[in-house]
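Structural description and commentary
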Number of protein chains: 2
Amino acid sequence: MSDTGSLEALVQALRRLPGVGLKSAQRMAFHLLQHDRPGAQVLARALGQAIDRVGHCERCHTFTEEPVCAICRDERRDATRLCVLETPADQAALERTGAFNGLYFVLMGRLSPLDGVGPGDIGMRPLLDRACDGVVQEVILATSFTAEGEATAHALTEALRRRGVRVTRLARGVPVGSELEYVDLGTIAHALADRR
Amino acid sequence: MSDTGSLEALVQALRRLPGVGLKSAQRMAFHLLQHDRPGAQVLARALGQAIDRVGHCERCHTFTEEPVCAICRDERRDATRLCVLETPADQAALERTGAFNGLYFVLMGRLSPLDGVGPGDIGMRPLLDRACDGVVQEVILATSFTAEGEATAHALTEALRRRGVRVTRLARGVPVGSELEYVDLGTIAHALADRR
């Protein structure tokens, strides 16, 4: 309909969100316009503000509103250990455990040749420079245990070892709280091989 | 983290969308900031524009940027038949069939006492006035065939019949292209009772 151009434009804009198809976008637009116009305003402002303010940390590449993020600025953290992750969400998950006191390098993605994501896109070069800066003594690879995450970890391991950097990988094994019966076979096999 | 307030605000704003939880909101925010900043800008603008411009048609209550929507303004349509629907999406679906040439009344919701949606919220009063304006000869109820949609249709039928208005309901039956074996029993029972 010609007199609902703004509605159409909103539906099309919502469809650009990952995991949102036509039906979901229509449902979202209807909800915002019919039941939550303040929410739509909040979202519009939040988008504008995030675009303006959020950039990448010069040191670890994670999202931050400062040139260098709070974790990288924290002098109490152990700069000899560098943990490599795929996304800020993964970083937040690891931070919440409270089990790691080192610094991070966030790839902001993972190697994925089919999607055209190569070593340059995940900051391979800056990571190698950082790992060889004389301060870092161990690089802990915490990329996902998916095909692409494993491939990324493999490529990084090769490149780092060639430069004589000590590389470790998060342990694979049975998740805490799970019954063996319900754990997939690949995980059990890894847990057996890596038993301690 | 204190230096990612704008990112946090964006994630919280995205969570207000229907069907979007914390993980989805984080994924959306990451996608927009890392891979599609133009998309974020387009969405922010589309939201602002839709809030400013999209209102409700005075006659049928659907979304429109004019006081009266294009369909209600169209003189070639048959004003003696009025089809009652729940949402503009339902209306768009019916329009796409090309099988209906009458006018619409969009409830912008359905009766749902548990959610606090009563007759006033779906425009029961304006609908009754419209149905009794002397032009409308038949009201076709096309609310959903769900519990709430049926309850809405029932309440509207009662009120309209008391005023002597002719009320019909979309036929229930076996969907086109389906094999009987895979159709639910309630639908088959209705199709049998309403056979023609």
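See the structure above.
In this text, all values refer to a predicted model and were calculated from it rather than measured experimentally. (Residues numbered from 1 in each chain as written. Chains lettered and ligands numbered in written order. Predicted model: local features only at pLDDT ≥ 70, side-chain atom pairs only at ≥ 80, totals over all residues. Heavy atoms only, no water.)

Let's shift gears to the side chain of Thr62 of chain A. Residues and elements named next belong to chain A. Mapped onto the elements of the fold, Thr62 is located in the loop between β1 (55–56) and β2 (63–64). Polar contacts involving the side chain of Thr62 include one to the side chain of Gln91, which spans 2.9 Å. Not counting the four nearest positions on each side in its chain, Thr62 is found in contact with Gly55, His56, Cys57, Cys69, Pro88, Gln91, Val106 and Met108. (Helix = DSSP H or I, 4+ residues; strand = E, 2+ residues; numbered from the N terminus. Polar contact = N/O pair within 3.5 Å; in protein donor to acceptor, adjacent residues only side chain to side chain. Contact = heavy atoms within 4.5 Å.)

What follows deals with the interface of chain B and chain A. In this assembly, 54 residues from chain B lie in contact with 54 residues from chain A. Between chain B and chain A the total buried area reaches about 4900 Å² when both faces are included, carbon and sulfur atoms providing 68% of it. Our enumeration of links across chain B and chain A arrives at 2 salt bridges. In this structure, the salt-bridge partner of Asp36 of chain B is Arg16 of chain A, at a minimum N-O distance of 3.0 Å. Counting across the interface, chain B meets chain A through 12 residue pairs in polar contact (both at pLDDT 80 or more). The biggest single contributor to the side of chain B that touches chain A is helix α3 (residues 37–53) of chain B, with 14 residues. Class assignment for the residues of the side of chain B that touches chain A results in 31 nonpolar, 14 polar and 9 charged. (Buried area = accessible area lost by both parts, 1.4 Å probe. Salt bridge = Lys/Arg side-chain N within 4 Å of Asp/Glu carboxyl O. Nonpolar A, V, L, I, M, F, W, Y, C, P; charged D, E, K, R; others polar.)

This part is about the environment of Leu156 of chain A. Residues and elements named next belong to chain A. Relative to the helices and strands, Leu156 resides in helix α7 (residues 147–162). Here Leu156 falls in the buried class, since its relative accessible area comes to 1%. Separated by 29 residues in sequence, Leu156 and Leu185 place their C-alpha atoms 27 Å apart. (Buried < 20%, exposed > 50% of the residue type's maximum accessible area, 1.4 Å probe, protein only.)

It is worth spelling out the nonpolar core at this point. Among soluble globular proteins, nonpolar side chains are generally buried collectively. If you look at the biggest cluster of nonpolar residues, it comprises 48 residues, and the most contacted ones within it are Leu10 and Leu47 of chain A together with Leu10 and Leu47 of chain B. For this core, the secondary-structure elements that each account for two or more residues are α1 (5–15), α2 (22–35) and α3 (37–53) of chain A together with α1 (5–15), α2 (22–35) and α3 of chain B. Discounting chain neighbours no more than four positions away, the residues touching Leu10 of chain B are Leu43, Ala46, Leu47 and Ala50 of chain A together with Ala29 and Leu33 of chain B. (Core = buried A, V, L, I, M, F, W, Y, C linked by side-chain atoms within 4.5 Å.)

For the rest of this paragraph, the subject is the pattern of salt bridges. All names here are of chain A. Scanning the entire structure with this criterion turns up 20 salt bridges over all chains. Between Arg76 and Asp74 there is a salt bridge whose closest N-O contact spans 3.2 Å. The shortest N-O distance in the salt bridge between Glu138 and Arg166 comes to 3.4 Å. You can see Glu138 sitting in strand β5 (residues 138–141) and its partner Arg166 sitting in strand β6 (residues 166–169), a full 28 residues away along the chain. Glu138 sits in the buried class, given a relative accessible area of 14%. What you see here is one network of salt bridges that share partners, running through Glu86, Arg110 and Glu148.

The analysis is restricted to geometry; functional conclusions fall outside its scope.
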